[in-house]
Amino acid sequence: MPKVEEYYEEDELRNTSLFNRKKHFQLTAEKFQKDITECWEFIENCEEHLEILEECKRCKDWEIYSLSEVAPKRLAKFGKKGFPGRLVCFPTYETFPTFMSWWEKRKDRYRYNPPEIRKLDAGAVILPHTHDVKLENEFLYNMSINHPEGCFFGIKPGGKVPYKAGDVYKIKVHNEHCVWNNSTEDRYHAILGVIDDIK
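As the structure is a computational prediction, the values presented were derived from the model and not from experiment.

A. Spatial organisation of the overall build of the protein. Counting secondary structure elements, the protein contains five helices and eleven strands. The 199 residues of the protein split such that 42% are buried. Split by element, the accessible area of the protein, about 12200 Å² in all, is 53% carbon and sulfur.

Below, the structure is given as structure tokens:
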């Protein structure tokens, strides 16, 4: 049923002489706004993103994402070749001093978790997916360390997230989302923490 009809059915005065069409239109618009869920929220831009990008390029500790400790258990069955071009590493003050210094200053303010840095090879795809509603929180902070021209990060129903290099967004990961690095450059992003807005 279209939303406008659904709202009409909810109006107890709809079939009476007291039905107020103008008021009904206003209430319908208000209810529609409440039904819309925000898919993302811009948090900040990291000015040190170019230095952090160089740390990413120097890193030698990349792991295959589907076999890493942070991947959902269901992905392990796909093995090494299940999700080509997706890697993860766990930054330390030794391997990522600039990134960790930046993270340290913000971890309490935003309740950041120990971070992960992920690499998506040129041409690789993170398939459309949602995070488990029962096991995973609704939002997470996602920082695009670089965002090559041609790279696409989309989320339904909001569309394309307007990432620029260094941007941190709060992403609603219970909504279906997808990343396609349609470029000739590897893409790096940091998972800074999940957010439980209910507690």
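So that's the structure; there's more coming.
B. Representation of the pairing of strand β3 (residues 86-89) within the structure. The pairing of strand β2 (residues 63-64) with β3 spans two bridges and is classified as antiparallel. Within β3, the position partnered with Ile64 by the bridge is Leu87. As defined by bridge partners, β3 adjoins strand β4 (residues 116-120) across four bridges and the pair is classed as antiparallel. Counterpart to Arg86 in the pairing with β4 is Leu120.

C. Representation of the packing of aromatic side chains. Enumeration over the complete set of coordinates arrives at nine aromatic pairs. Ring plane angle 75 degrees and centroid distance 5.1 Å describe the contact between Tyr112 and Tyr141, whose orientation is recorded as edge-to-face. Here Tyr112 is found in the loop between α5 (107-110) and β4, whereas its partner Tyr141 is found in strand β6 (residues 139-144), with 29 residues between them in sequence. Across the pair, exposure class does not vary: Tyr112 and Tyr141 are buried alike. By the ring-pair criterion, three or more aromatic residues cluster together here, those being Phe99, Trp102, Tyr110, Tyr112 and Tyr141. Between Lys170 and the ring centre of Phe139, over which it is positioned, the NZ or CZ distance is 4.6 Å. Of note, Arg187 hangs over the ring of Tyr163, and the distance from its end group to the ring centre comes to 5.7 Å.

D. The nonpolar core, seen in detail. Phe99, Trp102, Ile117, Met143, Ile145 and Leu192 are the most contacted members of the largest nonpolar core, which has 23 residues in total. Breaking this core down by element, the ones donating at least two residues are α3 (49-58), α4 (97-104), β6 and β11 (187-195). Top contributing element to this core by residue count: α4, with four residues. Among residues more than four places away in sequence, those in contact with Ile117 are Cys56, Trp62, Leu87, Val88, Cys89, Pro91, Phe96, Phe99, Ile145, His189 and Ala190. Counting residues in each nonpolar core, the second largest holds 15 residues, with Ala124, Leu140, Ile155 and Tyr169 among its members.

E. Quick look at the sheet that holds strand β8 (residues 159-160). The strand order β5-β10-β7-β8 describes an open sheet built from four strands, whose pairing is antiparallel. Edge positions in the sheet fall to β5 (125-129) and β8, since each has one partner strand and no second. Inspection of the sheet shows strand β7 (residues 151-155) paired to strand β10 (residues 177-181) by five bridges, in the antiparallel sense. In the strand pairing of β10, Ile155 is matched with His177.

F. Fine view of α4. Looking only at α4, the buried set comprises Phe99, Met100, Trp102 and Trp103. Seen end-on, α4 carries its buried residues on one side only, within an arc spanning 160 degrees.

G. Highlighting the state of the cysteines. Considering all chains together, one arrives at zero disulfides under this definition. In this structure Cys56 is not part of a disulfide, and its nearest cysteine sulfur, from Cys89, lies 6.5 Å away.

H. Broad picture of the packing of α3 against α4. The N-to-C vectors of α3 and α4 enclose an angle of 130 degrees; their axes lie 8 Å apart at closest approach. Classed by the angle they form, the pair α3 and α4 counts as oblique. Here Glu51, Ile52 and Glu55 of α3 come into contact with α4, specifically with Pro97, Thr98 and Phe99. Classifying every residue of the contact of α3 with α4 gives three nonpolar, one polar and two charged.

Conventions used here
Residues numbered from 1 in each chain as written. Predicted model: local features only at pLDDT ≥ 70, side-chain atom pairs only at ≥ 80, totals over all residues. Heavy atoms only, no water. Helix = DSSP H or I, 4+ residues; strand = E, 2+ residues; numbered from the N terminus. Buried < 20%, exposed > 50% of the residue type's maximum accessible area, 1.4 Å probe, protein only. Areas by Shrake-Rupley, 256 points an atom, 1.4 Å probe, with all protein chains shown as cover. Pairing = 2+ DSSP bridges. Phe/Tyr/Trp six-rings, centres within 6.5 Å; stacked < 30°, edge-to-face > 60°. Lys NZ or Arg CZ within 6 Å of the ring centre and 35° of its normal. Core = buried A, V, L, I, M, F, W, Y, C linked by side-chain atoms within 4.5 Å. Contact = heavy atoms within 4.5 Å. Arc of directions from axis to C-beta. Disulfide = S-S within 2.5 Å. Axes fitted to C-alpha atoms, helices over the stretch in contact; angles between N-to-C directions. Parallel < 35°, antiparallel > 145°, perpendicular 65-115°, else oblique. Nonpolar A, V, L, I, M, F, W, Y, C, P; charged D, E, K, R; others polar.

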